Amino acid sequence: MSTSCFHCNEVIPSGINLYVTINQKEQPMCCIGCQAVAQTIVDNNLTQYYQFRTEPAQKGAELIPEELKSLQSKKNKLLNEEMLQSEFIYQDQGAKEAILTIEGINCAACAWLIEMQLTKLKGINEISVNATTQRATLKWQDKVLQLSEILDAIEDIGYQALPFKANEIEQRNKKTSKVFIKRLGISGILMMQVMMIAVGLYFGAFSDMDEDHKIYLRWVSFILAIPIVSYGAFPFYIGAINALKIKRLSMDVPVSIAIILAFTASAWATITEQGEVYFESVSMFTFLLLIGKFLEFRARSYAAQVSANLLKLMPMTATRLKKTGSNSPAINETVHTKNSELQKSANDVENISNEELIAAKQLIKDDLVLIKPGEAIPADGIIISGASQINEAMLSGEQTPVSKTIDDVVFAGTINGDGNLTVKVQQPSNQSFLSQLIRLSEKSQAYKPKLARFSDKVAQYFVAIILLTAIGTALYWHHHLPEEAFWITLSVLVATCPCALSLATPTALTCATTRLNRDGIMIKSAHVMETMPKIDCFAFDKTGTLTTGEFAIDRVEIYDNQYTKAEALVIAAALESHSEHPLAKPFKQHRDFNLPTKEIQVQSGLGVTGIVNEHPYRIGKASWLLTATEHKNDQSLMSASCVLVFENKLIAAFYLVDKIREDAYILLNTLNASHQTMMLSGDNQSACDKVGKTLSVTQCHGNLSATDKMSIIKEQQKNNINIAMVGDGVNDSPVFGAAHVSMAMGCGTDIAKSGADVILLNSKLTSINTLNDVSIKTKRIIFQNYLWAFGYNAIVLPLAVAGYITPYMAVIGMSVSSILVISNSLRLLR
């Protein structure tokens, strides 16, 4: 009986015995091409493709040109296939965006090396490599540059790039940790043996021993040291070679030179039986370096793991509901009302035949998914059936579940509580709110402030300065004290280290953004952490920001006796149903869907105009609609929340009440002690003054359009005042663009796309205090990191040149400097 190829489903010719292990099971392949494709899919952790594919794959042989030079290049070429890229690529305005895990990054110099290499490629829009998380975020033009070419360029300098998956990163870190421990174990055990022999020789334990026996012990030390300087120190050699290949200098270069020189000098003394041997110094030196690298790796892994936790929340599978076709009466598509949408969704639910388990990434807009109790929601969508408690802690930081029912929005990655839900998908998984947060988080973590960019330039030349200083030191001491020249030069090579300089900023920013994410604060723009400590004035929108935005209609004044109160409310509701402003929500309950509307226009910050039941109406601010009427001097009327007008004739005035947020008192009390505060609102001046007086806001400006708000902010900026603008994200984009830092309340895809620099996912104003405190602390920690890094090198270099620092002290100092910088940054996670 013939067997089919697991990859392409074609019959396997007799005599072909090719297999690939997929999901811990050997699967047969029909040709080398299919085997290479399948192995690539396995190597890149994309095996769920086989679980959820709907048809066999293209035969592998057709995908692999013969002229490709190497197997790895072939594997990279296969990642250009759309079927694989759909798993981890995000399309953005003609460009492709991806997050890659980079294996082999040992320090910040490696990240800089990769950035320099990729910047040379034509078609790269953006590239940022985070040495702390060992991840790269890149955007490129696919028509100019293919993904395989990017991966090849990374491999050309000795690093391995893979699609980033949070579930795999822990396994990869564990594997790397095991290799580190193995190197440490072998180097440590052999180093102890070499040290025992050396201690005995130095302290005269073998003073009565024949010279031949002493030579024999030297040879034993030589043999024991070989695995330490070859296997143990191997990562340092690889780092040095990768740097030299592209004509750059990294810290691995002087370290490798020091190890090789010390071992070679001792080996020559052993072979020629002349001079002193220092195998114990080389062994101890390498062992201490490995300990330092291991501790640094552990600290970086912890920071990267914490920052990757969001990705783990994305479910791999989803239960999609199949439709059988509608038997329900057709719905009039010309009238787009909420009732018709809900009826349409209800019809969809009625016409379900069965369920199918698919990959969550395969969900598209308007798919219906069933979400059972305890399951993670696979995509952003709207509930069309059922009710439940949803845990949104991963977004807002709040552990208290949120009640959700029909017509409520749910987000990918949040956890369903105790009810069955049917959700209509609004966004595919790679465009979900959570996916956007992950990409934005990666960008903000990779941002480099001015001080960091300066230190990177210093670090580039610092290694060259070290090498030149070492040469000068060797020449000087060879002339004055030849027997100590070698070890003093060795100390100079090792003691000074620019790694701490390069790690100072990325470790602090990674820990700070991770801490803020945990508290429901999402940093969208990379400059926020640098700009926040400079803010002098906080400007607030009133409605939905300082107040809850949950308005209630307090009273209605009728000015045209042809209309009743109920009729005025129905007309107002017909217009306001097209607005997203908080003032429009109280009219929702008065909406009559039998009343047709058309030619609706929303005037940002002013109101709404349109034709209701074949008559033109306008609703909005009294200052907008009544300035040219006899009512313009009526202060009571001008303080109304909104007015309804028919052909310039006043019909009704609506007075709404809003409640001040509880946390607004706490925030303003804190800010007023150290900052100026300002209210910029479109509401009437009397309402603004009332709220401003209650909260002790320094300046209150009412009746403002978006343009007016921008003008006030720009006027303040002329006086060198740095302003942060806080709003609810609705109609605030122009104002957000004018402020130095902008913050939007709430969560949702529209918020993520708005111009805000910061999103307060938990809608808590006190989060601004947290952001302010963390940004100030981050600035202080970055300064401390640089102070230590520059100060350490400034003190150690002259001491090493003068011969006051031994190689042991140099190794310990170099390792401690990097570990101290990382540990200091980790304090931000507390």
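Please refer to the structure placed before this passage.
These lines cover the structure that appears in this document, whether it is placed above or below. Remember, it's a predicted structure, so these values are computed and weren't measured experimentally.

Conventions used here
- Residues numbered from 1 in each chain as written.
- Predicted model: local features only at pLDDT ≥ 70, side-chain atom pairs only at ≥ 80, totals over all residues.
- Heavy atoms only, no water.
- 1 Å grid on protein atoms, 1.4 Å probe; cavity = no way out; pocket = protein on both sides within 12 Å on 5 of 7 lines; lining within 4 Å.
- Points joined across faces, edges and corners; volume = space filled by probe spheres on them.
- Nonpolar A, V, L, I, M, F, W, Y, C, P; charged D, E, K, R; others polar.
- Helix = DSSP H or I, 4+ residues; strand = E, 2+ residues; numbered from the N terminus.
- Buried < 20%, exposed > 50% of the residue type's maximum accessible area, 1.4 Å probe, protein only.
- Pairing = 2+ DSSP bridges.
- Axes fitted to C-alpha atoms, helices over the stretch in contact; angles between N-to-C directions.
- Contact = heavy atoms within 4.5 Å.
- Salt bridge = Lys/Arg side-chain N within 4 Å of Asp/Glu carboxyl O.

Inspection of every chain in the model, using the stated rule, returns seven cavities of 30 Å³ or more. Estimates place the volume of the largest cavity at around 470 Å³. What lines the largest cavity is a set of 37 residues, and nearest its centre among them are His581, Leu583, Gly605, Leu606 and Lys621. Looking at side-chain class alone, the lining of the largest cavity contains 14 nonpolar, 16 polar and seven charged residues.

Another point: the environment of Leu509. By the secondary structure assignment, Leu509 is in helix H18 (residues 499-518). Exposure remark for Leu509: the relative accessible area of 3% places this residue in the buried category. Through-space distance from the C-alpha of Leu509 to that of Thr778 is 7.2 Å; in sequence the pair is 269 residues apart.

Taken together, the seven strands give an open sheet; going across it, the order is S17-S29-S28-S27-S18-S25-S26, and neighbouring strands pair in mixed fashion. Every interior strand has two partners, whereas the edge strands, strand S17 (521-523) and strand S26 (699-701), have only one. The average undirected angle you get between the axes of adjacent strands in this sheet is 20°. Direction of pairing for strand S18 (residues 537-540) relative to strand S27 (residues 723-727): parallel, over a ladder of four bridges. In the strand pairing of S27, Ala539 is matched with Met725. Those strands touched by helix H29 (residues 766-801) are S17, S18, S27, strand S28 (741-745) and strand S29 (758-760), and its axis lies near 50° from that of S17.

So, about the side chain of Gln27. If you trace the backbone, Gln27 turns up in strand S2 (residues 25-29). The buried category is assigned to Gln27, whose relative accessible area is 13%. Setting aside chain neighbours within four positions, we find Gln27 in contact with Phe6, Leu18, Tyr19, Val20 and Ile22.

Under the defined criterion, the tally for this structure stands at 10 salt bridges. Put simply, Arg320 and Glu356 hold a salt bridge, and the shortest N to O gap is 2.8 Å. Here the residue Arg320 occupies a position in strand S8 (residues 317-323), and Glu356 occupies one in strand S9 (residues 352-359), the gap between them amounting to 36 residues. With its nearest N and O atoms 3.1 Å apart, the salt bridge here joins Arg515 to Asp519. What makes Asp519 partly exposed here is its relative accessible area of 27%. Taken together, the shared-partner salt bridges in this structure form one network comprising Arg320, Glu356 and Asp367.

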